[in-house]
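Per-entry structural report
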Amino acid sequence: MEARAKLSYARISPRKVSIVLDLIRNKPLDEALAILQYTPKAASELLYKLVKSAAANAQTNHNMDKNSLYVAECFVTPGPTLKRVMPRAQGRAYRILKRTSHITVVLKEKEM
């Protein structure tokens, strides 16, 4: 039995998100939320909401016990890249890549 939550098209680079995901992988729910709350990274606010959503899904849809949940899986995949142009010297144009992410969090109950 598992509960998942997915955030699609988040306007943050997958590389930045994966750094924070490595901090919470295989941690109990309470510890993961505490880590996310006090980590000074841009991705931690998005992930905090996503983990809370997965926990709500677990309680509401699957009748799981909140105290025995842990982050079983969490991964990020790159979404579509927005391509923009930045003017540079002597009439040149540099391409700016604004990357997006699809983030998935899976919670499971600990086996007692």
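Residues numbered from 1 in each chain as written. Predicted model: local features only at pLDDT ≥ 70, side-chain atom pairs only at ≥ 80, totals over all residues. Heavy atoms only, no water.

Observations concerning a nonpolar patch on the surface
Cut-off, in case you're wondering: To count toward a patch, a residue needs a relative accessible area above 30% and no salt bridge. Like charges then connect within 9 Å, nonpolar side chains (Val, Leu, Ile, Met, Phe, Trp, Tyr) within 5 Å. In this description, accessible areas are obtained by the Shrake-Rupley approach with a 1.4 Å probe, and a residue is regarded as covered only by the protein chains that are shown. For this analysis, a salt bridge means a side-chain nitrogen from Lys or Arg found within 4 Å of a carboxyl oxygen belonging to Asp or Glu. By the criteria applied, helices consist of DSSP H or I runs no shorter than four residues and strands consist of E runs no shorter than two, each listed in order from the N terminus.
A cluster of nonpolar residues, Met 86, Tyr 94 and Ile 96, forms a patch on the protein surface that exposes about 280 Å² of accessible area. Here Tyr 94 is to be found in strand S4 (residues 93-98).

Side note on the packing of helix H1 (residues 14-24) against helix H3 (residues 42-62)
Two packed helices can be described by the angle between their axes and the distance between those axes. For clarity, the threshold we go by: For helices, the fitted line uses only the C-alpha atoms of the stretch in contact; every axis is such a line through C-alpha atoms, and the angle between N-to-C directions lies from 0 to 180 degrees. Angles are sorted into four bins: roughly parallel if under 35 degrees, roughly antiparallel if over 145, roughly perpendicular if 65 to 115, and oblique for all others. For any helix crossing, the convention is left-handed if the near helix is rotated counterclockwise from the far helix by under a right angle, and right-handed if that rotation is clockwise. Contacts were defined at the residue level, with two residues in contact if any of their heavy atoms lie within 4.5 Å.
Two elements in contact, H1 and H3, have axes separated by 9 Å at closest approach and are oriented at 50°. Viewed along their axes, H1 and H3 adopt a mutual orientation that is oblique. Two packed elements cross with a definite hand, and for H1 against H3 that hand is right-handed. Contacts from Lys 16, Val 17, Val 20, Leu 21 and Ile 24 of H1 reach H3 at Ala 43, Ser 44, Leu 47 and Val 51.

Re the nonpolar core
A general trend in soluble globular proteins is that nonpolar side chains are found buried together. The line we're drawing: Buried residues of nine kinds, namely Ala, Val, Leu, Ile, Met, Phe, Trp, Tyr and Cys, make up a nonpolar core once their side-chain atoms join them within 4.5 Å. Each residue is placed in one exposure class: buried if its accessible area under a 1.4 Å probe, protein chains only, is under 20% of its type's maximum, exposed if it is over 50%, and partly exposed if it falls in between.
Counting residues in each nonpolar core, the largest one holds 27 residues, and the members touching the most others are Val 17, Leu 21, Leu 47, Ile 103, Val 105 and Leu 107. The set of elements that each furnish at least two residues to this core consists of strand S1 (2-10), H1, helix H2 (29-37), H3, strand S2 (69-78) and strand S5 (101-109). In terms of residue count, H3 provides more of this core than any other element does, seven residues in total. Not counting chain neighbours up to four residues away, the residues in contact with Leu 107 comprise Met 1, Glu 2, Ala 3, Leu 29, Val 51, Ala 54, Ala 55, Met 64, Leu 69, Tyr 70, Val 71 and Ala 72.

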